[in-house]
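Structural overview for review
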Amino acid sequence: MIPVLSVNNLTKVYGNKKVVNGVTFSLMPGQIFGFVGPNGAGKSTTIRMITGLTPITEGSVRICGYSVSRSFKQAIASVGAVVEMPQLYPYLSGMKNLKLFASFYGKKALNRIPQIVKLVGMENRINDRLSTYSLGMKQRLGIAQALLNRPKLLILDEPTNGLDPNGIVEMRNILKALAQKENMAIIISSHNLAELEHTCDVIGLINDGKIIEYKTMKEISELVESKQRVQLMCDFPNYAALLLKKKYNLPSKIVGNSVVLPLRESNLANVITYLTHKKIKIYSIKKMQKSLEELYFDLLNSKRPSSSII
Ligand SMILES: Nc1ncnc2c1ncn2[C@@H]1O[C@H](COP(=O)(O)OP(=O)(O)OP(=O)(O)O)[C@@H](O)[C@H]1O
Ligand SMILES: [Mg+2]
């Protein structure tokens, strides 16, 4: 099976600055790729190169096997994209907007409109004027528009920007349905890793134009789990630390009258039983879990690439 998208050594230079620097990744059907990074990291520029909105300085993009630079028409035929705010007509209804865009693609796209409207959950408001829509509805209509040509690859640049938690969950459900039911490959960019936690299969962390981490969501969850700490308030913390080092080879820190140690939930019961057996009194157990957001900052700070000035 060939990848829906294959990005190889993609690079963009503006002036004397490499704003995208050797980005490489690929995407198979049904995969949701979360493209995460802080403001100015290079997400939109990468997406603009993938969709042919800006020329590629170096490297290549293939969509369903077609090169975006050499066979643009065939490559882009498989893409639906919402880059920045969707371009829609505020004085027309949602339905009229969709019909207008569908008319560019032909009868098949027009026939697909009711199904797409249902998919993005807009049945009740589709005949209202766009100017009366909330931000979340506009975003959903933008996705509907991007789905008209039955894309194999859907690209959404910051689709959850400005959405409330409810809107984010709705967006997540729409994207998951598209990946699972239509086997669509999806790229979604965001500056918030936690927001993508329940949506994406793979995460690419970009900073200063470079992908600094490329991990499956499962690997990210394992990383969060491995950073979990437990604080045990007890009567002899130094002795407890010594025992735990000897028995389980657990490195621990003494903080006041407590020991802080890396521990998985599954091992907690054994450790408590052991310490109690050794006559150590445990007064409290506190989980000190790193949030996904803290992990994100740790990763960004630990892998700051050297200057990307040419
Ligand atoms: N047309 C342009 N000319 C010069 N520099 C540009 C241009 N477009 C983007 N840049 C620069 O490229 C870098 C990457 O910008 P980009 O918009 O790709 O970041 P981003 O990750 O999408 O950020 P955000 O989260 O703010 O949307 C920034 O330093 C930006 O100033
Ligand atoms: Mg951007």
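Predicted model, so just to flag it, every value in this text is computed and none were measured.

Moving on, we come to the domain arrangement of the protein. By a frequent convention, interface size equals the accessible area lost on bringing the separate parts together. Segmentation of the protein into domains returns domain 1 (5-216) and domain 2 (228-289). Placing the centre of domain 1 and that of domain 2 at their C-alpha centroids yields a distance of 47 Å.

Turning to the site of ligand 1, a few remarks are in order. The immediate surroundings of ligand 1 are formed by Tyr14, Val19, Gly37, Asn39, Gly40, Ala41, Gly42, Lys43, Ser44, Thr45 and His191. Considering every element that reaches the shell around ligand 1, the biggest residue donor is helix H1 (residues 43-50), with 3 residues. Class assignment for the residues of the shell around ligand 1 results in 3 nonpolar, 7 polar and 1 charged.

Moving on, we come to helix H4 (residues 107-119). Here H4 contains 13 residues, and its C-alpha end-to-end distance of 19 Å stays within 8% of the 18 Å for a straight helix at 1.5 Å per residue. Its maximal kink placed at Ile113, H4 deviates by approximately 45 degrees, while the proline Pro114 follows within four residues. Phi turns positive one or two residues past the end of H4, at Gly121, with a value near 65 degrees.

What follows covers the nonpolar core. Among the nonpolar cores identified, the biggest contains 63 residues, and Ala144, Ile155, Ile186 and Ile188 are the most heavily contacted of them. Ranked by residue count, the leading element in this core is helix H5 (residues 135-147), at 6 residues. Listed in part, the 12 residues of the second largest apolar core include Cys234, Ala240, Ala241 and Leu243.

Let us now look at H5. Taking 1.5 Å of rise per residue, 13 residues should cover 18 Å, and H5 covers 19 Å from first to last C-alpha, within 8% of that figure. Within H5, 10 of the 13 residues are buried, leaving the element largely enclosed by the surrounding structure. Where H5 is buried, its residues contact strand S6 (79-82), helix H3 (94-105), H4, strand S7 (153-157) and helix H6 (165-182).

The antiparallel open sheet is built from 4 strands, whose spatial order is S12-S13-S11-S14. In this open sheet, the two strands that pair with only one neighbour each are strand S12 (253-255) and strand S14 (282-288). In this sheet, adjacent strand axes meet at a mean angle of 25 degrees when their direction is disregarded. Pairing between strand S11 (residues 229-234) and S14: 6 bridges, direction antiparallel.

Within a sheet, each strand pairs with its neighbour through backbone hydrogen bonds, oriented either parallel or antiparallel. Read from one edge of the open sheet, 6 strands run S6-S7-S8-S3-S9-S10, paired in mixed fashion. Sheet topology places S6 and strand S10 (210-216) at the edges, where each strand pairs with a single neighbour. With direction set aside, neighbouring strand axes in the sheet form an average angle of 15 degrees. In this structure, S6 lies alongside S7, joined through 4 bridges in parallel fashion. Counterpart to Val79 in the pairing with S7 is Leu153. Of the strands in this sheet, strand S9 (202-207) and S10 touch helix H8 (residues 217-226), which is tilted by about 90 degrees from S10.

Parameters at a glance
Residues numbered from 1 in each chain as written. Chains lettered and ligands numbered in written order. Predicted model: local features only at pLDDT ≥ 70, side-chain atom pairs only at ≥ 80, totals over all residues. Domains from an automatic or database assignment. Near = placed C-beta within 6 Å. Helix = DSSP H or I, 4+ residues; strand = E, 2+ residues; numbered from the N terminus. Nonpolar A, V, L, I, M, F, W, Y, C, P; charged D, E, K, R; others polar. Expected span 1.5 Å × (residues − 1). Bend = angle between axes of the 7 residues up to and from the residue. Core = buried A, V, L, I, M, F, W, Y, C linked by C-beta atoms within 7 Å. Buried ≥ 20, exposed ≤ 12 C-beta atoms within 10 Å, placed from the backbone. Contact = placed C-beta atoms within 7 Å. Pairing = 2+ DSSP bridges. Axes fitted to C-alpha atoms, helices over the stretch in contact; angles between N-to-C directions.

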